[in-house]
Amino acid sequence: QKDSLCQMEPPANPGDSPVELELTVENVESALYQLYFDADMEHKNVAQKWLTQAQASTQAWQFCWALLGPDKLPEVQFFGASTLHTKISRHWSDLPTDQHESLRMQLLSHILHFSSGPKMVLTRLCVALASLALNLIPQAWSQPVADMVRAFQPQKPDSKDGSEVTQDPQAHCLTLLELLTVLPEEFQSSRLTQARRAQLREALIGEWSVVCPMLRQLLQSQDSSNQVKEKVLRCLSSWVGLDVPLGESQELVQDCFTALSNPELFDSAVETIVNAISQPDCQRYTDALVNLLPLVLGLHDQLKTAAQDGDMETSHGICRIAVAMGETHSRVLLEQVEHWQEYLALVNMILFCTGIPGHYPVSETTSSLTLTFWYTLQDDILSFEEDKQAVYLQVYRPVYFQLVDVLLHKSHYPSQDEYTAWTTDDKEQFRIYRVDISDTLMYVYEMLGAELLSNLYDRLGRQLMDPQQSAVWQDTEALLFGFQSIAETIDVNYSDVIPGLIGLIPRINISNVMLADTVMYTIGSLAEWLADHPVMLSGILPMVLQGLVKAELSVSSVSTLKRICRECRHDLGPYAQDILTVSQDVLVKEVHKSSQCMWLMQALGFLLSALPMDEILARLHSLITPHVQRLDALAQQEPDPTNKQSIIHILGMLSSLFTTLDINRQVEGLEGAPNPRPTPSQTTHNPVVVVLQQVFTLIQTILSKWLDDSDIVEAVCGIFDKSVRTLLHDFGPMVAQLSEMLGQIYSAFPQASALDLARQMVHIFAGEEQHISNIQCLTEQLTSATLAIFQQGPRDHPDIAESFMHFHAQILKRKPDLYLSDQMDVKALFYCGIMSLKFPETPTVKAASLFFTELLPRCKDMPSLGEVLQRDGKLLTETILQAVGGGSPRSLTEHFSEVLLSLNRHCPGLLSQWLKETLQTPGFPSNQVSPEQKHTFTQQLLREQTNKRRVKEIVKEFSLLCRGLQGSGYSDY
């Protein structure tokens, strides 16, 4: 039968004739076989679509029962049950009221029949009955639970219909529990109005008084199998989600604790207890919570045994219960003053979980569950008024000091051999775990204050003085990790232990990489303190430089040196030679990866910035000469991928150096200095400019060979871009050379990075008389070359279109006079803007919108712009309306609204005329909007000349109408 049905196919186009004619049970089965067994995906899709239509038809009410026949395959029966659920949940109004009762009886009868399986069919039928109950409660079905229980009572053998004698009371019991479990779940997942949801919730909570005693009886009964008890636990979990009163369920929840001693029920019992006590509503039932406390505490022995035996599942489960109790109800339980010892015992139980033996995440996964509890408890204690708070602090401060010890112990690295054997994933999880511990320590500092730092310092001192103790590097590392966690975010400048700590650090043997890393990060976290206490630098810097030569300490040592050079640069004069010598050595020997080399160059930029003027250039030359020589050698070679990476690396290092080498920053740094040093423009050229002029020819040589490589061009532009941003007007002497070179490279091979650099130059130099002719010439060259791209079709160059729009927006903002040149084809630029608005890429549209919002205000004062607007403003309006009406992604609407607002602000009369002319075209911008809606949109828009937010709303609303999405729920997004 299966084979013959496999060959049958559903109608190819069920929509061609009335669906009802096609809907025979045979055709449905045939489509199901096609869906499940046909290898051809296209056939499957056709079947899927047809079956969805079949489910929506009115005949589905009838054929679903035929599909549930005992002779059908489980997949067919499942579709029948699913169809029934779909009809009841989505097409309930199709069913006449007088058929509700017979449907209910029919469903109950089928559920009884399927109580012995298949499970998937039974569950779908139970969900269908739950859905039916939600439609009938409370008016048409006042006691659903009692009726369901009655329906599943064991049948007596002498009942009228002998065939209905139950074969298996346990199967009926499990089926009833399945029904009662899915009832609240179906309620939670159903789409209901707020009023109906409230009404149903109240009715269902009313039913709990029937469900609860039955669940208790089944859980306590000797006759109940583990399978039944597990179902009881799942059922309770489901009802708890309705916020049933804990006062009524506390005995049942207490019974769940006995199930924890049964290994088969343990997981389900944990889940149920956690769900039951995590409901926020439980806080109303203080007595019930207090009664549950001893049961939670009673698990402590089981927890300790599990921890000793390495039974991770058991310790994890008990920990979840303790944390759910302690965290959800910490405030309520703290306030039960007469039970303070019990709550303290619970806190200590959670502390045991935090410090559970083993290394996270390899031999334990429990401790991480507890960290947020400590935040909650601290917040609750500190939220009490002062007198009350003092009492709680007396009790809990010692616990928090213990917590610090525990957290530091948990942050210990395993032995080197053990750690090497860990997987990459384990190492990453451990790293994240330490970050969480670090955050917790930082938070705890708020409660423990300076005493915490003293405590850590004393322990570190004892450890380093005792050779036996200091041999265990993990202990030292953990204490430094604690210090660093706090110093990273808390201002420790006032702390009297930092000088002692700085004195201790050089005593640490940093032969172990993990310890050395933490030493580096600790020093880095104290960089601001060192800036206020520069006398301490002499003891610390040699350690950092010692770390810098080791590739394995790359990230920590380089980032620490960068922080010191940034914060302490005005006091590094005496150490500058050492820092530069070691840095130069590691750079030439290529000890560090590319990104760390960039950081190191930034560090050296900070260092050089603060040196005396006459020293900077010489030191700068000595630093970069080896790299420039290497670059020169590479420039002579033929292009290949290896050379390319080396060139980009060296150019990147120069960019990084010039990002932070800012000699003007020193003048700001020396507030109140009697004789601020003269800026270079008053005397000589800025050292960066001197270097750039010296390497300029070399850069031109590189470009001549790599002109068509966007990565190299971007790296070259990056050097000048960083320099312009840092030096600002001091970059002036380079403007003429750079303008000429940019014009040449862009004309030969247009790249977005060249336009971005030109935009920076316009921003800084367009207002300066001595540079305007260079800037004008560059602007004309770049514009002419880009217009050629737009004429050929710019679709493949969204980055160039974006940068070009930003470039011209900057010109209009800083120097609109450039548009007066005969060379500037304003009409063509206007068209480029319109074309850029049609791009699907958000950054390009955003840039084009910015271009028009800068251009439109200038139209009144500049006749050439005014003429273009008069002639092509209608095309701009039409383009925007088309985009808003569905031509562009909906996410871009707000950018179009900004252009419409600008048009309305600067030429309202013209906009009114253009809107009228474009919108009177039938079907424009969409068939979904009526002439009345278009008229309303026009009126609303023209009314707003200042309110940006309101214009966005009007345009968004119109866009939704045009796309047929108004009222579909999408308008909320």
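Residues numbered from 1 in each chain as written. Predicted model: local features only at pLDDT ≥ 70, side-chain atom pairs only at ≥ 80, totals over all residues. Heavy atoms only, no water.

By the naming in an unreviewed UniProt entry, the protein goes by Importin-13 and is assigned to Sphaeramia orbicularis. As recorded by UniProt, the Sequence similarities (unreviewed entry) comment attached to the protein reads in full: "Belongs to the importin beta family." UniProt annotates the protein under Subunit (unreviewed entry) with the comment "Interacts with UBC9, RAN, RBM8A, eIF-1A and PAX6." (UniProt positions renumbered as here; feature names shortened; annotations may be inferred.)

**Considerations on the overall build of the protein**
Check the secondary structure of the protein and you find 49 helices and zero strands. In terms of overall size, the protein is more extended than a compact globule, its C-alpha atoms giving a radius of gyration of 38 Å where 973 residues would be expected to give roughly 30 Å. C-alpha atoms of the protein, sized along the principal axes, occupy 115 × 90 × 60 Å. Each of the 973 residues in the protein was classed as buried or not, and the buried ones make up 52%. In the protein, once contacts between residues fewer than 6 apart in sequence are set aside, the share between residues at least 24 apart is 74%. Element-wise, carbon and sulfur atoms account for 50% of the exposed surface of the protein, whose accessible area totals about 43,200 Å². (Helix = DSSP H or I, 4+ residues; strand = E, 2+ residues; numbered from the N terminus. Rg over C-alpha atoms; globule rule 2.2 N^0.38 Å. Buried < 20%, exposed > 50% of the residue type's maximum accessible area, 1.4 Å probe, protein only. Contact = heavy atoms within 4.5 Å. Areas by Shrake-Rupley, 256 points an atom, 1.4 Å probe, with all protein chains shown as cover.)

**Observations concerning the packing of helix α45 (residues 863-887) against helix α47 (residues 908-919)**
Running from N to C, α45 and α47 cross one another at 55 degrees; their axes reach a closest spacing of 9 Å. In terms of orientation, α45 and α47 fall into the oblique class. Where α45 crosses over α47, the handedness of that crossing is right-handed. Together, Leu869, Gln870, Gly873, Lys874, Thr877, Glu878 and Leu881 of α45 and Leu910, Leu911, Trp914, Leu915, Glu917, Thr918 and Leu919 of α47 make up the contact between the two elements. A per-class count over the contact of α45 with α47 returns seven nonpolar, four polar and three charged. (Axes fitted to C-alpha atoms, helices over the stretch in contact; angles between N-to-C directions. Parallel < 35°, antiparallel > 145°, perpendicular 65-115°, else oblique. Left-handed = near helix turned anticlockwise from the far one by under 90°. Nonpolar A, V, L, I, M, F, W, Y, C, P; charged D, E, K, R; others polar.)

**Some remarks on helix α24 (residues 450-465)**
Since one α-helical turn is 3.6 residues long, residues separated by three or four positions face the same way. Its 16 residues place the ends of α24 23 Å apart at the C-alpha level, agreeing with the 22 Å of an ideal helix rising 1.5 Å per residue. Taken together, the buried positions of α24 are occupied by Leu452, Leu453, Leu456, Leu460, Gly461, Gln463 and Leu464. Along the axis of α24, the buried positions cluster into a sector of 165 degrees, meaning they face one direction only. When the buried face of α24 is taken as reference, the exposed residues oriented beyond 90 degrees from it are Arg462 and Met465. (Expected span 1.5 Å × (residues − 1). Arc of directions from axis to C-beta.)

**Overview of the UniProt feature "domain: Importin N-terminal" (unreviewed entry) in the protein**
Sequence positions flagged by UniProt for "domain: Importin N-terminal" (unreviewed entry) are, in local numbering, residues 47-113. Along residues 47-113 the backbone is 73% helical and 0% strand, and the end-to-end C-alpha distance reaches 29 Å.

**Focus on the domain arrangement of the protein**
When cut into domains, the protein gives domain 1 (750-858) and domain 2 (873-972). For domain 1 and domain 2, the distance between their C-alpha centroids amounts to 26 Å. Here domain 1 packs against domain 2, burying approximately 1,300 Å² in sum over the two surfaces, 80% of which is carbon and sulfur. When the area that domain 1 buries against domain 2 is broken down by residue, the three leading residues are Ile834, Leu837 and Leu856, summing to 36%. (Domains from an automatic or database assignment. Buried area = accessible area lost by both parts, 1.4 Å probe.)

**Describing the side chain of Ser723**
As for its placement among the helices and strands, Ser723 is situated in helix α38 (residues 710-727). The exposure class of Ser723 is buried, given its relative accessible area of 0%. In contact with Ser723, not counting residues within four places along its chain, are Phe658, Val688, Leu692, Leu728 and Phe731.

**Brief notes about the environment of Arg124**
Along the chain, Arg124 falls in helix α8 (residues 119-136). Once the C-alpha coordinates of Arg124 and Phe79 are considered, the two residues, 45 residues apart in sequence, prove to be 9.1 Å apart.

**Structural notes on helix α40 (residues 752-765)**
Its 14 residues place the ends of α40 20 Å apart at the C-alpha level, agreeing with the 20 Å of an ideal helix rising 1.5 Å per residue. Of all 14 residues that make up α40, eleven are buried, and the element is covered over most of its length. Those residues of α40 hidden inside the fold are in contact with α38, α39 (735-748), α41 (772-792) and α42 (798-814).

**Brief notes about the packing of aromatic side chains**
Counted according to the given criterion, the structure contains 20 aromatic pairs. Arranged with centres 5.6 Å apart and planes meeting at 25 degrees, the rings of Tyr33 and Phe37 form a pair that is stacked. Highlighted residues: Tyr33 and Phe37, both in helix α3 (residues 25-37), separated by four residues, approximately one helical turn. Classification of Tyr33 as buried rests on a relative accessible area of 5%. Grouping aromatic residues by their ring pairs yields a cluster made of Tyr360, Tyr413, Tyr419, Trp422, Phe430, Tyr433 and Trp473. For Arg104, the ring lying beneath its charged end belongs to Trp141, and the centroid distance is 4.3 Å. (Phe/Tyr/Trp six-rings, centres within 6.5 Å; stacked < 30°, edge-to-face > 60°. Lys NZ or Arg CZ within 6 Å of the ring centre and 35° of its normal.)

**Focus on the nonpolar core**
The biggest cluster of nonpolar side chains holds 317 residues, and the ones touching the most others in it are Trp239, Tyr396 and Phe720. What Tyr396 contacts, discounting residues up to four positions off in sequence, is Leu334, Tyr343, Leu344, Val347, Leu377 and Ile381. Membership of the second largest hydrophobic core comes to 15 residues, among which are Val25, Val28, Ala54 and Leu67. (Core = buried A, V, L, I, M, F, W, Y, C linked by side-chain atoms within 4.5 Å.)

**Side note on the packing of helix α4 (residues 41-56) against helix α6 (residues 74-90)**
Packing of α4 against α6 leaves a shortest axis separation of 9 Å and a crossing angle of 50 degrees. In this view, α4 runs oblique relative to α6, as classed from their interaxial angle. With respect to the hand of their crossing, α4 and α6 are arranged in right-handed fashion. Between α4 and α6, the contacting residues are Leu51, Gln55 and Ala56 on the first element and Phe79, Ser82, Thr83, Thr86 and Lys87 on the second.

**A few points about the environment of Val211**
Considering the arrangement of structural elements, one finds Val211 in helix α11 (residues 194-220). Along the backbone, Val211 and Leu177 are 34 residues apart, and their C-alpha atoms lie at a distance of 9.7 Å. Aside from chain neighbours lying at most four places away, what touches Val211 is Val145 and Trp239.

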